[in-house]
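# Summary of structural features
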Amino acid sequence: MLEAAPLLFTPKCHPTASLHPSTILLNRTKSPFRPSFSCSPPSKKFKIHAAKQQQADELEPQNDNKPDDRNELLTEKAGREEVDFGWLSAFPHVLTASMSNFLFGYHIGVMNGPIVSIAKELGFEGNSFLEGLVVSIFIGGAFIGSISCGSLVDKLGCRRTFQLDTVPLILGAIISAQAHSLDEILLGRFLVGIGIGVNTVLVPIYISEVAPTKYRGSLGTFSQIGTCLGIIASLCLAIPSENDPHWWRIMLYIASIPGFLLALGMQFAVDSPRWLCKAGRIDDAKEVISNIWGPSQVDKAIEEFQSVIRNDGADLDSSWLELLQEPHSRVALIGGALFILQQFAGINGVLYFSSLTFRDVGITSSAIASLYVGLTNFAGALCASYLMDKQGRQVLLIASYLGMAVSMFVITGAISFPIDAEISSNLSILGTIMYIFTFAIGAGPVTGLIIPELSSSRTRGKILGFSFSVHWVFNFLVGLFFLEMVEKFGVAPVYAGFGGISLLAAAFAYYFIVETKGRSLEEIEMSLNSNYQGRNK
């Protein structure tokens, strides 16, 4: 999920952003009139293989009378090089779900500039508490949305939950855009927060359950990429607000458009084959698997799904009390700890001070500084997409936190040691860019991806809901007390503390995170559950 937290206004902290990031799908009824996403390759120049099947060294000519095993691994031989298109069948569904993260990023940035105009027009200009409340109430709504999402997705499935969740997103944006009082803007922001809270949980669940195993990591980073693009879009659209005091209303109206597109797109997207199987809709599950993973994967996947269901129980809804039992309690604790470490590693604080750091080197526009930050985040997310299924989650997470620690110590040294002012400013810029980039390649996307991978099919929604609720709580606390800590101890000691916690997070990832690259969700669940009935069968 960028996996970072939202722009945050509190009575003691100006807007900060932490890029993070989730999905929703609907129950699907079979109908000859309902289109679905699919990608059918040409039949002669391409050969499709199963996701886990090794690619052949030489591509044999295809028989026109033999149908392609479509939608799995698509390869085109060009000399010794192969272009792998195995992810293509799942891509439209993942892209649709990632629109939720675009909304998340957009709402992170939408208040960054216009809050002054909003406060002036609605009559609370100069009141830092109310300005902070307009933004921080978003987090309150997100907490409620995240904690309630687990039960919704268990009962309705991702696809229907996505569509249901567009209601608060659209209404919240429109109410905010039409607000003529403080109460109305607060209500709109609260509704948007609920929608975003649900989405942050849904997107990782949906992508992890729909994506082919081989590409689950790379496709999982699209939530982070979507968040980055949303932030960049909101920053670009905010430029006219410097000259037009009413432009903020247009920006909030625009925020409702992706909600409509998401609701429409989910009508054509597939539901999770794992949820369909658990709901007893075996034929629908087989159809989805055939379309996005390939026909050769159907029997094996259904056998794995049903084996897990026999062990976990066939009822759709799980109980929150099950999170107190092993192995669910261990995964829930790991998920909560990862988000606590992520927030205490200082992403919100670094983003808050980034505009001041850029100002020291002559970049006085906060919008331009934020754009640099957004582009750095985006570049890191693209690198994560390339590396996730090559290097693995654990390696990226450890490397990310080590890079963040080094970056913090570079900034601390630039501030603390008596060196030339220009060199100090340049080192601070370098450390800030390094920190944001290394966050975006690991600590951001991996945190939201690894938790659903480690969770069991039965409790995945509840564990994600709990973990993201912890995220929102500590996001708020860090934003609330960050400036007070800086005023009391100074920037250098606080940044050194961020570096120390980043080292602690790297050690935590080394000792407690299990590598999930290249393993199906069922394989991971079997390996973590010592009581699994079918492991040795």
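To keep things clear, this report deals only with the structure shown in the data block.

Calculation notes
- Residues numbered from 1 in each chain as written.
- Predicted model: local features only at pLDDT ≥ 70, side-chain atom pairs only at ≥ 80, totals over all residues.
- Heavy atoms only, no water.
- Helix = DSSP H or I, 4+ residues; strand = E, 2+ residues; numbered from the N terminus.
- Buried < 20%, exposed > 50% of the residue type's maximum accessible area, 1.4 Å probe, protein only.
- Areas by Shrake-Rupley, 256 points an atom, 1.4 Å probe, with all protein chains shown as cover.
- Salt bridge = Lys/Arg side-chain N within 4 Å of Asp/Glu carboxyl O.
- Contact = heavy atoms within 4.5 Å.
- Axes fitted to C-alpha atoms, helices over the stretch in contact; angles between N-to-C directions.
- Parallel < 35°, antiparallel > 145°, perpendicular 65-115°, else oblique.
- Patch = residues over 30% accessible without salt bridge, like charges linked within 9 Å, V, L, I, M, F, W, Y side chains within 5 Å.

What follows covers the overall build of the protein chain. Scanning the protein chain for helices and strands turns up 20 helices and three strands. Sorting the 537 residues of the protein chain into buried and exposed places 58% on the buried side. Accessible surface for the protein chain amounts to roughly 20,900 Å². Of this, 63% is attributable to carbon and sulfur atoms.

Turning next to the pattern of salt bridges. As enumerated under the stated definition, the model contains ten salt bridges in all. One salt bridge connects Asp-389 with Arg-393, and the closest N-O pair in it is separated by 3.0 Å. Of the two residues, Asp-389 and Arg-393, neither departs from the other in class, the shared state being buried. Here the residues in one salt-bridge network are Arg-216, Asp-389, Arg-393 and Glu-453, joined through shared partners.

Next up on the list: the side chain of Ser-502. One can find Ser-502 in helix H19 (residues 491-512). Sequence-distant contacts of Ser-502, defined by excluding residues within four places in its chain, comprise Ala-345, Tyr-401, Met-404 and Ala-405.

With that settled, consider the packing of helix H3 (residues 128-177) against helix H18 (residues 460-489). Interaxial distance between H3 and H18 falls to 7 Å at its minimum, and their mutual angle equals 170°. By the angle between their directions, the pair H3 and H18 is classed as roughly antiparallel. Mapping the contact onto sequence places Ser-136, Ile-139, Ala-142, Phe-143, Ser-146, Ile-147, Gly-150, Ser-151, Val-153 and Asp-154 in H3 and Gly-461, Lys-462, Gly-465, Phe-466, Phe-468, Ser-469, Trp-472, Val-473, Asn-475 and Phe-476 in H18.

Quick look at the environment of Phe-124 now. Residue placement: Phe-124 occurs in the loop between helix H2 (115-122) and H3. Placed 58 residues apart in sequence, Phe-124 and Leu-182 show a C-alpha to C-alpha distance of 7.9 Å. Leaving out residues up to four positions away in the same chain, Phe-124 has contacts with Ile-118, Ala-119, Leu-130, Glu-131, Val-134 and Leu-182.

Nonpolar side chains collect at one region of the surface, where Phe-143, Ile-144, Ile-147, Trp-320, Val-473, Leu-477, Phe-481, Met-485 and Phe-489 lie side by side and expose about 730 Å² of accessible area between them. It is H18 that provides the largest number of residues to the nonpolar patch, a total of five residues. Following the sequence through the fold, Phe-489 ends up in helix H18.

Geometric descriptors of this kind do not, in isolation, establish any biological role.
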